[in-house]
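# Notes for the structure review
Residue-level listing of the chains:
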Amino acid sequence: MAITLTEKAAKHISRYIERRGKGIGLRFGVRTTGCSGMAYKLEYVDESSADDEVYESHGVKVFVDPKSLPYIDGTELDFAREGLNEGFKFRNPNMKDECGCGESFRI
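Since the structure is predicted, the reported quantities are computational estimates derived from the model, not experimental observations.

What follows covers the packing of aromatic side chains. Both the distance between ring centres and the angle between the ring planes are used here to describe each pair of aromatic rings. For the coordinates displayed, the defined rule picks out five aromatic pairs. Ring centres 4.4 Å apart and planes at 25° place the aromatic pair Tyr16 and Tyr44 in the stacked group. With Tyr16 in helix H1 (residues 7-20) and Tyr44 in strand S3 (residues 37-45), this pair connects stretches of sequence that are 28 residues apart. Exposure remark for Tyr44: the relative accessible area of 22% places this residue in the partly exposed category. With a centroid separation of 5.3 Å and an interplanar angle of 75°, the aromatic rings of Phe79 and Phe88 are classed as edge-to-face. The exposure class of Phe79 is buried, given its relative accessible area of 7%.

Looking now at the side chain of Asp73. With respect to the element layout, Asp73 can be found in the loop between helix H2 (69-72) and strand S6 (76-82). Among the polar contacts listed, one links the side chain of Asp73 to the backbone nitrogen of Ala2, at a separation of 3.4 Å. Not counting residues up to four positions away in its chain, the partners in contact with Asp73 are Met1, Ala2, Ile3, Tyr55, Pro93 and Asn94.

Our focus in this paragraph is the pattern of salt bridges. The final tally for this structure, using the stated rule, is nine salt bridges. With a shortest N-O distance of 2.8 Å, Arg20 and Asp46 are connected by a salt bridge. Pair noted here: Arg20 is in helix H1 and Asp46 is in the loop between S3 and strand S4 (53-57), with a separation of 26 residues, a long-range link. A relative accessible area of 32% places Arg20 in the partly exposed class. Relative accessible area serves as the criterion here: at 35%, Asp46 is assigned to the partly exposed category.

The three strands lie next to each other as S1-S6-S7, forming an open sheet whose pairing is mixed. Because the sheet does not close on itself, it has two edges, and the strands there are strand S1 (4-5) and strand S7 (85-91). Sheet topology places S6 next to S7; seven bridges connect them, and they run antiparallel. Looking at the pairing, Glu76 lines up with Arg91 of S7. Sitting on the sheet, H1 is in contact with S1, S6 and S7, with an inclination near 80° to S6.

A separate point is the nonpolar core. Formed by 19 residues in total, the largest nonpolar core has its most connected members in Ile3, Leu5, Phe28, Val64 and Ile72. Those elements that provide at least two residues to this core are H1, strand S2 (25-33), S3, strand S5 (60-64), H2 and S6. Sort the elements by how many residues they give to this core and H1 lands first, with four residues. Those residues in contact with Phe28 that sit more than four places away from it in its chain are Ile3, Tyr40, Lys41, Leu42, Val62, Phe63, Val64, Asp65, Ile72, Thr75, Leu77 and Phe90.

This next bit is on the environment of Pro93. Within the fold, Pro93 resides in the loop between S7 and strand S8 (97-98). Distance in space between the C-alpha atoms of Pro93 and Asp73 is 8.1 Å, their sequence separation being 20 residues. Pro93 has contacts with Met1, Asp73, Gly74 and Thr75, leaving out every residue within four places of it along the chain.

Procedures and definitions
- Residues numbered from 1 in each chain as written.
- Predicted model: local features only at pLDDT ≥ 70, side-chain atom pairs only at ≥ 80, totals over all residues.
- Heavy atoms only, no water.
- Phe/Tyr/Trp six-rings, centres within 6.5 Å; stacked < 30°, edge-to-face > 60°.
- Helix = DSSP H or I, 4+ residues; strand = E, 2+ residues; numbered from the N terminus.
- Buried < 20%, exposed > 50% of the residue type's maximum accessible area, 1.4 Å probe, protein only.
- Polar contact = N/O pair within 3.5 Å; in protein donor to acceptor, adjacent residues only side chain to side chain.
- Contact = heavy atoms within 4.5 Å.
- Salt bridge = Lys/Arg side-chain N within 4 Å of Asp/Glu carboxyl O.
- Pairing = 2+ DSSP bridges.
- Axes fitted to C-alpha atoms, helices over the stretch in contact; angles between N-to-C directions.
- Core = buried A, V, L, I, M, F, W, Y, C linked by side-chain atoms within 4.5 Å.

Okay, structure coming up:
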């Protein structure tokens with residue numbers, strides 16, 4: 001499996017990196033937190049780590065650490081604007097449940 005981006009997500013990330021003036025891609029991972037146990041974490045990458053798994057989708061590189069990969073393998077990231085709100089949406093085939101606030105999930 002792999003980590004993929006929709007075209008909207010890739011365009012958003014590319015524009016942000018361009019405005020930022022530096023960066024080689026997006027780091028996507030998970031951390032233990034929240035009421036359901038795990039939360040996604042995203043950050044822009046200036047340098048990759050030797051143990052990163054690297055995926056490319058629509059010309060954007062996505063870096064994933066090996067510890068996060070089993071929880072997010074197969075996930076598609078989308079970027080959506082809904083009214084005044086905007087943000088990333090995660091389509092994770094491994095997710096069994098998520099909390100009511102949408103901040104955390106369970107595998």
